[in-house]
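What the coordinates show
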Amino acid sequence: MGAGMVLPFILITFCFALWGFANDITNPMVKAFSKIFRMSVTEGSLVQVAFYGGYFAMAFPAAMFIRRYSYKAGVMVGLGLYAVGALMFLPARFTGSFYPFLLAYFVLTCGLSFLETSCNPYILFMGSARTATRRLNLAQSFNPMGSLLGMWVAMNFIQNRLNPMDTAERALLDDAQFAAVRDSDLGILIAPYLIIGMFIVCVFVLVWATGMPRHADDNHSIDFAPTMRRLAHNRLYREGVVAQFFYVGVQIMCWTFIIQYGTRIFMAEGMAERDAEVLSQQYNIVAMVIFCVSRFVCTFFLQYVRSGVLLTVLAIFGAMLTCGVIGFQDVRGMYCLVGVSACMSLMFPTIYGIALTGLGDDAKFGAAGLIMAILGGSVLPPVQAAIIDCETLFGMPATNVSFVLPLLCFVVVAVYGFRTKRAG
């Protein structure tokens, strides 16, 4: 990496932490919104539909914008939309309705889509092609640091401060009482989003004021159809998009519904609902710490093991632990669910790096397709939520049975890793 790339590399790597924060302050909000608005788990999972739907909707527009202008322009648009979406939580709070929050999440993640479509390929191009996947894994290692902060903020400044009434007690409130509790809880929920929105404005100004090198393939014309045909005929890329869809699905399901999974276990042991939710979030934070450490460890091993081989091994272990999540109905299942995060740590950047191998100038649109695959985080969690709402299936807690979906996702990733183990 040239000396002129060091500061841009640091700034772009910082963006990885910023979208990690947004992702993981949001996952616990499925449970929070369900309680605040007295909704089912399925209705609460619309948070993830809106959140990851923004990634899907904006990925190709972002790629076309970046191809026409520059990576820096894409980063600035992404930061701008991120800030606007976060600040929209203030007017959403005054409506007292759930759906304006979904719009705010959608706008926010349109910004994240710009950021990820810009930052991931930019990192790949900042140096030798031989070390591109390793370099991306290094940058992605800072993503879980932002995620950890997001989880910690969600636990300490939202979940721990919401009204302690449990779901059953809230169901008994009359309309006036419900509105008072709801509005108080929403005032607590929006505060971290408003703070991060103002912080993102500052980052926007910093990026705008910093000179960043332009890549050689900036300002190209847009040849959409020929590029799509080339990508569609590239097996590594085509199957990588499918694998990324299922990987993102398994990540979001495991990190979102660990709250429901743990709450059921700890309430069965006599714990109050809010205390059980907070304890479950503490387990989620431990899972993220393990994820973060595992990311650095696996990045080190990539010097010695081919990326496809390591991806396959991790997916197999992830599937085995998920079987424990399904089968155990006590805290042992929680331990397995925490352990799953170690197996997921390498997957996103490794699939990304393998899929973009050898794409050259097509990588900007290729990156957009892989960002669109984040739609898995929008499609699969509502399916799992619908299973959880059944309460009991096949004589087992439906929460346990619902983790059959993550198990299937790991199988898909393992197959992709096996088929590409000679790559990277």
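As a starting point, this report considers the structure included with it. (Residues numbered from 1 in each chain as written. Predicted model: local features only at pLDDT ≥ 70, side-chain atom pairs only at ≥ 80, totals over all residues. Heavy atoms only, no water.)

1. Description of the overall build of the protein chain
Helices and strands together make up the secondary structure of the protein chain, namely 22 helices and two strands. For a compact globule of 424 residues, the expected C-alpha radius of gyration is about 22 Å, and the protein chain comes in at 21 Å, within 12% of that figure. With the C-alpha coordinates of the protein chain rotated into their principal frame, the extents come out at 65 × 45 × 35 Å. Partitioning the intrachain contacts of the protein chain with sequence separation of at least 6 by distance along the chain shows that 84% fall at a separation of at least 24. Per element, the accessible surface of the protein chain, about 15700 Å² overall, is 70% carbon and sulfur. Looking at charge distribution, the protein chain has the averaged site of its 27 positive side-chain charges lying 15 Å from that of its 22 negative ones. (Helix = DSSP H or I, 4+ residues; strand = E, 2+ residues; numbered from the N terminus. Rg over C-alpha atoms; globule rule 2.2 N^0.38 Å. Contact = heavy atoms within 4.5 Å. Areas by Shrake-Rupley, 256 points an atom, 1.4 Å probe, with all protein chains shown as cover. Lys, Arg positive; Asp, Glu negative; His and termini not counted. Charge placed at Lys NZ, Arg CZ, Asp CG, Glu CD.)

2. Here's the deal with the pattern of salt bridges
Close approach of charged atoms allows side chains of opposite charge to pair. If you walk through the whole model with that rule in mind, you get eight salt bridges. Residues Asp 183 and Arg 182 are paired through a salt bridge, measuring 3.0 Å at the closest nitrogen-oxygen approach. According to the relative accessible area criterion, Asp 183 is partly exposed, its value standing at 24%. Connected through salt bridges with shared partners, the residues Lys 31, Lys 35, Glu 273 and Glu 277 form a single ionic network. (Salt bridge = Lys/Arg side-chain N within 4 Å of Asp/Glu carboxyl O. Buried < 20%, exposed > 50% of the residue type's maximum accessible area, 1.4 Å probe, protein only.)

3. What about the packing of helix 14 (residues 258–268) against helix 15 (residues 273–301)?
Each pair of packed helices can be described by the angle between their axes along with the distance between the axes. Between helix 14 and helix 15, the shortest axis-to-axis distance is 8 Å and the interhelical angle comes to 130°. One finds that helix 14 runs oblique with respect to helix 15. The chirality of how helix 14 crosses helix 15 is right-handed. Here Ile 258, Ile 259, Gly 262, Thr 263, Phe 266 and Met 267 of helix 14 lie close against helix 15, whose contacting residues are Glu 273, Ala 276, Glu 277, Leu 279, Ser 280, Gln 281, Tyr 283 and Asn 284. Classifying every residue of the contact of helix 14 with helix 15 by side-chain character gives seven nonpolar, five polar and two charged. (Axes fitted to C-alpha atoms, helices over the stretch in contact; angles between N-to-C directions. Parallel < 35°, antiparallel > 145°, perpendicular 65-115°, else oblique. Left-handed = near helix turned anticlockwise from the far one by under 90°. Nonpolar A, V, L, I, M, F, W, Y, C, P; charged D, E, K, R; others polar.)

4. Details of the packing of helix 13 (residues 235–256) against helix 19 (residues 363–372)
Two elements in contact, helix 13 and helix 19, have axes separated by 8 Å at closest approach and are oriented at 30°. Compared by their axis directions, helix 13 and helix 19 come out roughly parallel. Contact residues: helix 13 offers Tyr 237, Gly 240, Val 241 and Gln 244, while helix 19 offers Phe 365, Gly 366, Gly 369 and Leu 370. Its residues assigned to classes, the contact of helix 13 with helix 19 comprises four nonpolar, four polar and no charged.

5. Regarding helix 1 (residues 6–26)
With 21 residues, helix 1 extends 31 Å between its outermost C-alpha atoms, agreeing within 8% with the 30 Å of an ideal straight helix rising 1.5 Å per residue. The buried fraction of helix 1 is high, at 17 of 21 residues. (Expected span 1.5 Å × (residues − 1).)

6. A look at the side chain of Arg 295
Secondary-structure assignment places Arg 295 in helix 15. As a buried residue without a salt bridge, Arg 295 has its nearest oppositely charged side chain in Asp 24, at a separation of 9.7 Å. Look past the residues within four positions of Arg 295 in its chain and what remains in contact with it is Asn 137, Gln 140, Ser 141, Pro 144, Ser 345, Leu 346 and Pro 349.

7. Notes on the packing of aromatic side chains
Aromatic ring pairs: the centre-centre distance and the angle between the two ring planes describe each pair. Applying the stated criterion across every chain, the model contains 28 aromatic pairs. Relative to Tyr 193, the ring of Tyr 105 lies with its centre 5.8 Å away and its plane at 85°, an arrangement referred to as edge-to-face. Placement of Tyr 105 in helix 7 (residues 99–125) and of Tyr 193 in helix 11 (residues 175–209) is noted, with a sequence separation of 88 residues between them. Considering the side-chain rings of Phe 245 and Phe 246, the 5.2 Å spacing of their centres and the 75° angle between planes classify their relative orientation as edge-to-face. A network of ring pairs unites the aromatic residues Phe 33, Phe 37, Phe 51, Tyr 52, Tyr 55, Phe 89, Phe 98, Tyr 99, Phe 101, Tyr 105 and Tyr 193 as a single cluster. It is Arg 38 that lies over the ring of Phe 178; its NZ or CZ is 3.8 Å from the centre. The ring of Tyr 69 carries the charged tip of Arg 68 above its face, separated from the ring centre by 5.3 Å. (Phe/Tyr/Trp six-rings, centres within 6.5 Å; stacked < 30°, edge-to-face > 60°. Lys NZ or Arg CZ within 6 Å of the ring centre and 35° of its normal.)

8. Structural notes on the side chain of Thr 117
Note on placement: Thr 117 falls in helix 7. Apart from residues lying up to four places away in sequence, Thr 117 is in contact with Ala 59, Ala 62, Ala 63, Ile 66, Lys 364, Ala 367, Ala 368 and Ile 371.

9. Here we look at helix 4 (residues 46–68)
Because the α-helix completes a turn every 3.6 residues, residues three or four places apart line up on one side. In this model helix 4 runs 33 Å from its N-terminal to its C-terminal C-alpha over 23 residues, within 8% of the 33 Å that 1.5 Å per residue would give. Its axis deflected by about 40° at Met 58, helix 4 carries its strongest bend there, up to four residues before the proline Pro 61. (Bend = angle between axes of the 7 residues up to and from the residue.)

10. What to know about the environment of Val 248
Following the sequence through the fold, Val 248 ends up in helix 13. Given a relative accessible area of 4%, Val 248 falls into the buried group. Along the primary structure Val 248 and Met 344 are separated by 96 residues, whereas in three dimensions their C-alpha atoms are 9.6 Å apart. Filtering out sequence-adjacent residues up to four positions away, Val 248 remains in contact with Phe 348, Ala 373, Ile 374 and Gly 377.

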